[in-house]
Amino acid sequence: MHELARSLTQSFPTLLGADEPASIARAIEGADLGWAGLILIFPAVSAILCGLCAILKVKGKLPGAITAVSLLAAFVVTFLLYWNCPTDAPRTIHLFDWISFDWLTGPGAEPSAWRAFSAPFALYIDSLTLLWMLFVTGLGTLIAIYATEYMEGDVGKGYARFFGSVSIFLFAMGSLVMGGNLILLYLGWEGVGLASYLLIGYHYSKPSAVAAAKKAFIMNRIGDLGLALAIFLIWWNYDTVSYDALFAAVAAEPAAGASEWSKAAIPFCLMLGAFGKSAQIPLYVWLPDAMEGPTPVSALIHAATMVTAGLYLIARLFPLFELHPLALPTVAWIGCATALLAATIGMAQYDIKRVMAYSTVSQLGYMFLGLGVGTTFGAVYHVFTHAFFKALLFLCCGAIMHGMAGQLDLRKMSGLRNVPGFRIISWTFLVGCLCLAGFPFTAGFFSKDSIIAEAFVSDVPGASALGFLALFTAFLTAYYTFRVWFRVCGGPVKYEPGDEIHGHGDDDHGHDHGHDHGHDHGHGQAHGHGHGHGHGHSHGHGEWHPHGPRLAINGVLLLICVGALLAAVPSYLQMSGQPNWVQTMVTNSSAIAGASGHHGADGSHALSFTGIEDVHKATSVVASVVGVGGILVALFFHLLNRGAADRLRAALLSNGLTRWLPLLMENKWYVDEAYHIVVRAPARGIGHLLYLIDKLFIDGFVVNGAARVPAEVGRLFQPLYNGALQGYAATMAGGVALIAAWIFWVWLSGG
Amino acid sequence: MLSTLTYLLILAPLVAAGVVALSPARLAKWIATFGSLAILGIAVAFAIGFPNWDDGGFAPAGAGIAIMPSLGVTLSLGTDSVGLLLILLTAFLMPLAMIGSFSAVREREREYYAWFMVLEAAMLGVFLARDAIVFYTAYEFTLVPMYFLIAIYGGPERRAASVKFFLYTFLGSMLTLSGVIYIAAQRMLETGAWSFDLMQLAEFSSTKLSSGEQFWIFILLMAGFAVKVPFFPVHTWLPLAHDQAPTAGSVILAGTLLKLGTYGVYRIALPAAPVGGVELNQLIAVLCVIGIVHAALICWVQHDAKKLIAYSSVSHLGFCMLGLFSLNSLGATGSVMYMINHGLSTGALFLCIGMIYERYHTKDMDQLGGLFKRMPVWSFFMVFFTLASLGLPGLNGFIGEFLCLMGAYTAEPGAATGYPGLLGPWWALVAGLGLILAAMYLLIMLGKLVWGPLREPNGHGHGHASGHGDSHGADHGHGAAHASELPADLNAREIGILVPLAVLCLAIGFYPKPMLEVISPSVDKVLAAYPKHVERYVREGTLLDGEDAAPQGIAASTPSVR
């Protein structure tokens with residue numbers, strides 16, 4: 001409480017001073033809303049204060065408290081903004097000029113027209129923005145509170161760095177979502193990439209974490225290039241990068257513009273950016289590796305918020321996706337393919353965080369499918385519900401990992417629901433799993449069904465196939481989700497500790513342990529092994545006991561669990577005839593074009609065999625059956641008859657015809673390896689080759705060869721000296737003489 | 001008043017050099033430091049009094065001092081907003097480089113600091129020159145102090161590096177000089193009077209010379225500047241020079257000396273020979289793009305951190321030139337931004353590498369790594385400036401890079417967008433690969449140097465735990481033998497030189513508007529002749545088909561001068 005008060009007083013001056021400098025609060029439109037900038041200022045100040053804590057080597061939880069309070073303040077401001085700002089029309093709030101200048105060079109030979117490039121630091125507030133910011137800041141606050149306890153082992157070491165990075169993330173995410181132009185979006189886009197880089201690599205002395213951080217940033221950079229190209233194209237065609245002008249220009253269908261192809265290319269370039277940030281084929285491979293980061297980060301950045309930026313991009317710029325008839329179908333098919341692929345990999349992973357990571361990739365695929373088939377509402381609703389339940393699932397995984405000394409292998413834990421201290425985790429985990437599995441009448445069920453139903457009736461080529469694939473993926477999702485829950489929380493009590501990767505009083509946390517735990521590790525044996533480095537450890541000696549979480553973690557788990565359940569409320573209201581809140585928020589924004597739908601010509605759909613005419617009802621019934629079916633299969637293999645799963649795997653492996661299936665799934669379809677062979681290794685080889693050419697050919701032969709000529713000439717002129725500089729002096733003299741002669745010749749011939 | 005300041009800007013460093021050379025050795029560094037700070041003060045005073053920030057004009061006006069009246073050579077000093085920004089950059093980097101040398105240079109100190117002061121005078125002379133001969137003299141004169149700085153204070157291969165550096169740049173700039181003299185001679189034939197005033201030469205050359213002459217003049221002028229930039233394929237002197245130069249030498253080399261090349265292109269080559277600039281535009285852009293990707297791929301396979309950053313300069317300057325040769329305001333303004341921002345972030349990176357070199361006597365990323373554990377403060381700055389270098393929005397590097405690419409992208413001739421230029425999306429697309437590659441090699445560098453398990457060269461790992469008192473082996477680099485004074489992490493002096501750079505990087509990243517607004521009027525003036533040439537080039541496919549095709553209004557008024 002004391003720390004809380006201190007951090008409050010520290011942020012207070014900023015609050016007071018924020019509306020004083022003219023440059024910060026000069027608002028062109030909606031002048032009364034200039035305080036919305038506080039949503040960005042709070043995390044920025046928090047990042048600076050965390051930096052100060054790091055400099056002053058603060059030993060305590062102050063950085064965590066500062067961050068939690070700042071994010072809470074940002075959430076409150078967002079809520080006030082939502083309360084005060086009519087959401088029927090977008091507003092632009094100008095904070096200060098950022099990149100803007102004008103020039104005189106006009107087209108053609110007449111340098112008369114002034115042209116300008118303007119990308120101000122301005123906020124674009126509409127219902128889509130507010131919807132996104134509400135869950136970003138809300139979940140951000142809760143997860144920051146969770147992290148104050150989760151990261152306590154690093155107090156005084158990486159604690160300030162961790163919370164500073166989280167604050168940077170919230171600032172960047174705020175810029176991304178609230179930015180009023182594409183350049184500001186790009187700032188946030190790369191900014192969240194930076195925060196992600198810093199946080200994935202949080203355990204910096206662990207090579208795998210460093211590699212994962214690098215991979216995430218580079219993969220995202222590939223997407224960023226797509227986004228940059230899209231911005232260039234938009235500027236080229238529409239002469240603006242600001243949303244308000246852009247939407248007006250797109251709606252007006254101006255005759256001007258660069259060329260037809262350049263307009264058609266815009267959505268595809270945007271797509272590349274979205275697929276990079278939101279981990280879709282072909283750029284998804286970074287997200288599973290990103291699980292090297294501390295679990296609160298996985299929950300906040302790599303599940304609930306940052307990875308939805310690609311969705312936000314497409315929803316925000318939805319009008320541009322109608323510039324080419326194949327743009328949305330591409331989104332739909334890529335999304336569906338990613339959903340299926342990631343689900344198959346997720347089925348075969350043993351690390352529960354990785355299972356959740358692949359399920360995130362898979363669920364993001366659903367969302368893209370939703371966008372692609374034209375239901376921006378369904379996609380955004382799934383973003384919204386998924387943010388809650390996936391954050392919940394990750395936080396549960398984190399709490400388990402925290403209590404189990406870093407254990408994440410589902411083969412080494414069982415029956416946690418009966419372990420003291422793990423009951424809240426187990427039951428909130430169950431709620432998250434039910435949502436993810438699409439159990440009837442949970443939030444995930446409603447949002448997923450609205451996507452699948454629209455897939456069946458959309459006019460995207462192969463719509464029925466999309467629908468059935470999505471249903472099949474829903475079955476797989478239910479299966480792998482409950483595979484985790486039945487394994488970890490169900491069954492007899494049995495567990496062994498992990499190798500402490502998130503560090504408890506362990507100065508050298510994350511160091512390269514260089515040992516791989518075998519399957520036969522005894523209780524406590526691993527523990528002794530993990531602490532061969534002789535660092536003090538709170539758990540001490542002998543028999544090892546898991547420790548359950550305390551108030552911060554349990555409280556946040558319960559709160560988010562309630563949030564995940566309440567996320568279904570809009571659908572219940574809709575069923576009782578009232579407007580769906582999320583739908584209202586989406587249809588009032590620039591994503592409205594999609595909400596009108598792209599339905600096929602007639603009302604028929606591939607689910608007619610159920611005898612239900614309304615596609616939404618039909619989908620609900622079928623998806624319920626599929627979801628429950630998946631859960632039942634998981635129940636059989638992973639709770640009732642655990643040996644059967646292993647026997648099935650062994651049977652598949654021993655049969656030459658089916659061997660490939662488990663192998664491909666367990667080895668992630670060898671996509672990483674393929675990228676390495678096809679892209680990385682050749683490029684690196686070319687790099688070596690070019691370096692060689694640089695050194696040998698250009699430098700050795702051409703340059704040094706050519707260099708010998710004047711040196712020889714110099715020696716000829718000045719045989720007494722043989723120092724290099726003298727040679728050049730001679731060359732210079734010779735050159736000047738030559739030039740003089742040339743001038744003389746010119747003068748003679750011309751005059 | 002202003003003209004006094006311009007003379008002071010060149011005189012003060014020369015005086016400081018003289019004082020340093022004559023003073024006791026232990027005072028040398030202090031005199032150089034305070035001298036360079038005083039010069040920064042003069043530069044700031046000049047900037048405050050500068051009247052032409054908004055219109056791209058030159059100041060101060062005035063005839064200057066006639067040096068060779070019969071030839072029209074005049075010591076006339078003055079500059080426009082772009083030159084002034086580069087003057088400020090030079091004056092800003094110099095004290096930091098001086099303070100950064102305190103612990104690195106222990107032998108022949110007087111010479112060292114004196115040469116730096118001479119170098120500063122020469123560089124400021126280039127940016128202040130309004131006379132081609134003054135420009136050329138100062139331009140060439142930068143070679144001499146740099147030659148000695150590398151040859152005396154450099155690494156093991158310093159001799160080869162300094163010779164190569166000298167030779168390359170010297171040969172190139174001889175061609176530049178011949179181009180300048182050709183213009184001046186033609187002008188003399190036309191008007192009957194010699195003048196080397198840059199504006200007059202450019203005006204004469206761009207309006208009176210035939211298209212063929214402009215074409216060749218452009219090649220001559222570019223020859224010298226391209227070497228300095230350094231431009232693919234004449235870049236190979238740079239990695240070696242950087243690798244061997246002392247830290248402060250690299251800082252100045254990357255921060256300012258390379259900008260002499262881009263500034264020369266901007267100030268002389270582009271305005272003087274628009275026909276050449278248009279005709280050779282695509283060829284140069286191709287070389288830019290090749291240079292960007294080529295150097296970036298080479299960066300990827302480097303083991304030496306300093307060489308990596310040196311090669312990254314080649315790649316980055318490729319962006320800079322691409323922006324300039326997009327021939328529109330967007331790209332050229334971005335290019336000038338890039339010149340300044342590259343100076344800040346790359347200069348800072350060289351300082352950072354120098355700091356670990358002083359401690360470990362190696363820059364080899366295979367021997368050295370995971371320094372976050374040992375040097376968190378250094379690591380913070382290293383990460384910060386690396387991010388600036390890879391163009392993270394919100395830091396300075398992004399603005400220039402983005403505008404350069406955008407300029408090249410929108411410079412497609414056929415498009416009805418009103419942005420003159422001869423490039424287009426494909427150029428920017430391929431150059432954009434440089435963005436990805438930059439992230440790759442820079443993050444690989446961070447991954448090795450900053451993150452990962454701690455790796456220190458033999459002999460450092462144990463004694464270093466306390467941060468002091470490690471004894472170095474016998475393989476000491478030249479003149480850098482006293483690292484034992486340095487703590488494990490940065491000391492206050494080192495932090496003090498990195499903080500101003502970091503603050504500036506952040507400030508420009510978040511509020512570039514004032515700089516952009518003063519750059520773009522100058523760019524408008526430099527590129528004024530280009531739209532109509534570009535238009536004609538697009539219409540006719542070439543500007544070179546004989547005298548008839550000379551730019552409109554020129555062929556008629558200009559009889560053949562041959």
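Residues numbered from 1 in each chain as written. Chains lettered and ligands numbered in written order. Predicted model: local features only at pLDDT ≥ 70, side-chain atom pairs only at ≥ 80, totals over all residues. Heavy atoms only, no water.

## Some details on the overall build of chain B
- What chain B contains, in helices and strands, is 21 helices and 2 strands.
- On C-alpha atoms alone, chain B measures out to a radius of gyration of 23 Å, which is about the 24 Å that the 2.2 N^0.38 rule sets for 562 residues.
- The C-alpha extent of chain B, read off along each of the three principal axes, is 80 × 50 × 40 Å.
- Each of the 562 residues in chain B was classed as buried or not, and the buried ones make up 70%. (Helix = DSSP H or I, 4+ residues; strand = E, 2+ residues; numbered from the N terminus. Rg over C-alpha atoms; globule rule 2.2 N^0.38 Å. Buried < 20%, exposed > 50% of the residue type's maximum accessible area, 1.4 Å probe, protein only.)

## Some thoughts on unusual backbone geometry
- Omega for the bond connecting Ile281(A) with Pro282(A) falls within 30 degrees of zero, at 5 degrees, which places this linkage in the cis form.
- Along the chain, Val229(B) connects to Pro230(B) via a cis peptide bond; the corresponding omega equals -5 degrees.
- Assignment of secondary structure puts Pro230(B) in the loop between helix H9 (211-228) and helix H10 (237-244).
- One non-glycine residue, Trp669(A), adopts positive backbone phi at about 60 degrees.
- On the secondary structure map, Trp669(A) appears in the loop between helix H27 (660-666) and helix H28 (671-717).
- Positioned with a positive phi, Arg108(B) is a non-glycine residue whose angle comes to about 50 degrees.

## Focus on the pattern of salt bridges
- In the structure shown here, the tally under the stated rule is 21 salt bridges over all chains.
- Close ionic contact of Arg108(B) with Glu111(B) constitutes a salt bridge, the shortest N to O distance being 2.8 Å.
- A relative accessible area of 47% means that Arg108(B) is categorised as partly exposed.
- Between Lys363(B) and Asp304(B) there is a salt bridge, and its shortest N-O distance comes to 3.9 Å. Highlighted residues: Lys363(B) in the loop between helix H15 (329-360) and helix H16 (376-389) and Asp304(B) in the loop between helix H13 (281-300) and helix H14 (305-324), separated in sequence by 59 residues. Asp304(B) carries the same exposure label as Lys363(B), and that label is buried.
- One network of salt bridges, in which partners are shared, links Lys215(A), Asp289(A), Arg354(A), Lys668(A) and Asp672(A). (Salt bridge = Lys/Arg side-chain N within 4 Å of Asp/Glu carboxyl O.)

## A closer look at a nonpolar patch on the surface
Residues and elements named next belong to chain A.
- A cluster of nonpolar side chains, Phe 441, Val 562, Leu 566, Val 569, Tyr 572, Leu 573 and Met 575, forms an exposed patch at the surface whose accessible area comes to about 640 Å².
- Taken together, the elements giving at least two residues each to the nonpolar patch come down to helix H21 (551-566) and helix H22 (569-575).
- It is H22 that contributes the most residues to the nonpolar patch, 4 residues altogether.
- With respect to the helices, strands and loops of the structure, Val 569 is situated in helix H22. (Patch = residues over 30% accessible without salt bridge, like charges linked within 9 Å, V, L, I, M, F, W, Y side chains within 5 Å. Areas by Shrake-Rupley, 256 points an atom, 1.4 Å probe, with all protein chains shown as cover.)

## Examining the packing of H16(B) against helix H18 (residues 425-449) of chain B
Residues and elements named next belong to chain B.
- Viewed as axis vectors pointing N to C, H16 and H18 meet at an angle of 170 degrees, and their least axial separation amounts to 10 Å. If you check the angle between H16 and H18, you find them roughly antiparallel. Here Trp 378, Met 382, Val 383, Thr 386 and Ser 389 of H16 come into contact with H18, specifically with Leu 442, Met 445, Leu 446 and Leu 449. (Axes fitted to C-alpha atoms, helices over the stretch in contact; angles between N-to-C directions. Parallel < 35°, antiparallel > 145°, perpendicular 65-115°, else oblique. Contact = heavy atoms within 4.5 Å.)

## Notes on the packing of helix H10 (residues 260-277) of chain A against helix H14 (residues 327-347) of chain A
All names here are of chain A.
- As a packed pair, H10 and H14 sit with axes 10 Å apart at the nearest point and diverge in direction by 20 degrees. Between H10 and H14, the interaxial angle falls into the category roughly parallel. Between H10 and H14 lies a crossing of right-handed hand. Here Pro 267, Phe 268, Met 271 and Phe 275 of H10 come into contact with H14, specifically with Ala 327, Thr 330, Val 331 and Ile 334.
- A per-class count over the contact of H10 with H14 returns 7 nonpolar, 1 polar and no charged. (Left-handed = near helix turned anticlockwise from the far one by under 90°. Nonpolar A, V, L, I, M, F, W, Y, C, P; charged D, E, K, R; others polar.)

## Some thoughts on the pairing of strand E1 (residues 91-103) of chain A
Residues and elements named next belong to chain A.
- For E1, the buried fraction is high: 11 of the 13 residues fall into the buried class.
- As judged from the 10 bridges shared by E1 and strand E2 (residues 115-125), these two strands associate in the antiparallel manner. When the sheet's bridge partners are listed, Phe 96 is paired in E2 with Phe 121. (Pairing = 2+ DSSP bridges.)

## A look at the packing of aromatic side chains
- Considering all chains together, one arrives at 70 aromatic pairs over all chains under this definition.
- Taking 6.1 Å as the distance between ring centres and 45 degrees as the angle between the ring planes, the aromatic pair formed by Tyr204(A) and Trp451(B) counts as tilted. Note that Tyr204(A) is positioned in the loop between helix H7 (182-200) and helix H8 (207-238) and Trp451(B) in the loop between H18 and helix H19 (492-510), a pairing that runs across two chains.
- Residue Trp451(B) is classed as buried on the basis of its relative accessible area of 8%.
- Lying over the aromatic face of Tyr350(A), Arg411(A) brings its terminal NZ or CZ to 3.6 Å of the ring centre.
- One Lys or Arg, Lys363(B), reaches over the ring of Tyr357(B) and ends 5.4 Å from the middle of that ring. (Phe/Tyr/Trp six-rings, centres within 6.5 Å; stacked < 30°, edge-to-face > 60°. Lys NZ or Arg CZ within 6 Å of the ring centre and 35° of its normal.)

## A closer look at the pairing of strand E1 (residues 65-68) of chain B
All names here are of chain B.
- Two elements, E1 and strand E2 (residues 73-75), share 3 bridges in a ladder whose sense is antiparallel. Looking at the pairing, Ile 65 lines up with Leu 75 of E2.
- In this structure, the hairpin formed by E1 and E2 is closed by a connection of 4 residues, where Gly 72 is found at a positive phi of approximately 75 degrees.

## So, the confidence of the model for chain B
All names here are of chain B.
- The share of residues in chain B with pLDDT of 70 or more is 91%, and the mean pLDDT across the chain is 85.
- Below pLDDT 50 for its whole length, residues 461-483 participates in 41 contacts with residues either more than four positions away or in separate chains.
- A low-confidence stretch, residues 547-562 stays under pLDDT 50, and its non-local contacts, those more than four residues away or across chains, total 27 contacts.
- Reported confidence for the predicted complex is 0.90 by ipTM and 0.88 by pTM. (pLDDT = per-residue confidence, 0-100.)

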